[in-house]
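Residue strings, one per chain:
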Amino acid sequence: MIKHIVIFQLAEFAEGKTKQENAVYIKEILENLKSSIPQIITLEVGINIPDFFDGNQDLVIYSEFANIQDLKTYMEHPEHKKVANYIGKVRIARTSVDYEV
């Protein structure tokens, strides 16, 4: 099994939305991918608790795939690319880890 974790820091204001509005929107569109990309075993999106700790990032994605090919299929899927394109417009930092268990 492959676990794919991505963490984002979002801009304070981008694409006509506040950081919090973008976080909620991104959570919604990412979670909708579960219905269109069958390779996703698990996909969970978490929004950081506002004003809890200044050093935290804003959004995390935790997902699981059966194997690396399924992760690649997810990454290359047109619906994922649409979401990634939007996130690219509103994020200021990104980090990720992919690992096998």
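Everything here concerns the structure above.
Residues numbered from 1 in each chain as written. Predicted model: local features only at pLDDT ≥ 70, side-chain atom pairs only at ≥ 80, totals over all residues. Heavy atoms only, no water.

Side-chain positions along a regular strand alternate between the two faces of the sheet. In this sheet, strand 5 (residues 59-65) lies alongside strand 1 (residues 2-10) in antiparallel orientation, the contact comprising seven bridges. For His4, the partnering residue across the bridge sits in strand 5 and is Ser63. Strand direction decides the pairing type here: strand 1 and strand 6 (residues 91-100), joined by nine bridges, are antiparallel. Paired with His4 across the two strands is Asp98, which belongs to strand 6. (Pairing = 2+ DSSP bridges. Helix = DSSP H or I, 4+ residues; strand = E, 2+ residues; numbered from the N terminus.)

To continue, consider helix 3 (residues 78-90). Given 3.6 residues per turn, any residue in an α-helix points the same way as the ones three and four places further on. Along its 13 residues, helix 3 runs 19 Å from first to last C-alpha, staying within 8% of the 18 Å computed at 1.5 Å per residue. Restricting attention to buried positions, one finds in helix 3 the residues His80, Val83, Tyr86, Ile87 and Val90. The buried residues of helix 3 occupy one face: seen down the axis, they fall within an arc of 125°. Along helix 3, the residues that are exposed and aim more than 90 degrees away from the buried face are Pro78 and Lys82. For helix 3, the secondary structure elements touched by its buried residues are strand 1, strand 2 (13-14), strand 3 (17-18), helix 1 (19-32), helix 2 (68-76) and strand 6. (Expected span 1.5 Å × (residues − 1). Buried < 20%, exposed > 50% of the residue type's maximum accessible area, 1.4 Å probe, protein only. Arc of directions from axis to C-beta. Contact = heavy atoms within 4.5 Å.)

Everything listed here is a matter of geometry and, on its own, says nothing about what the molecule does.
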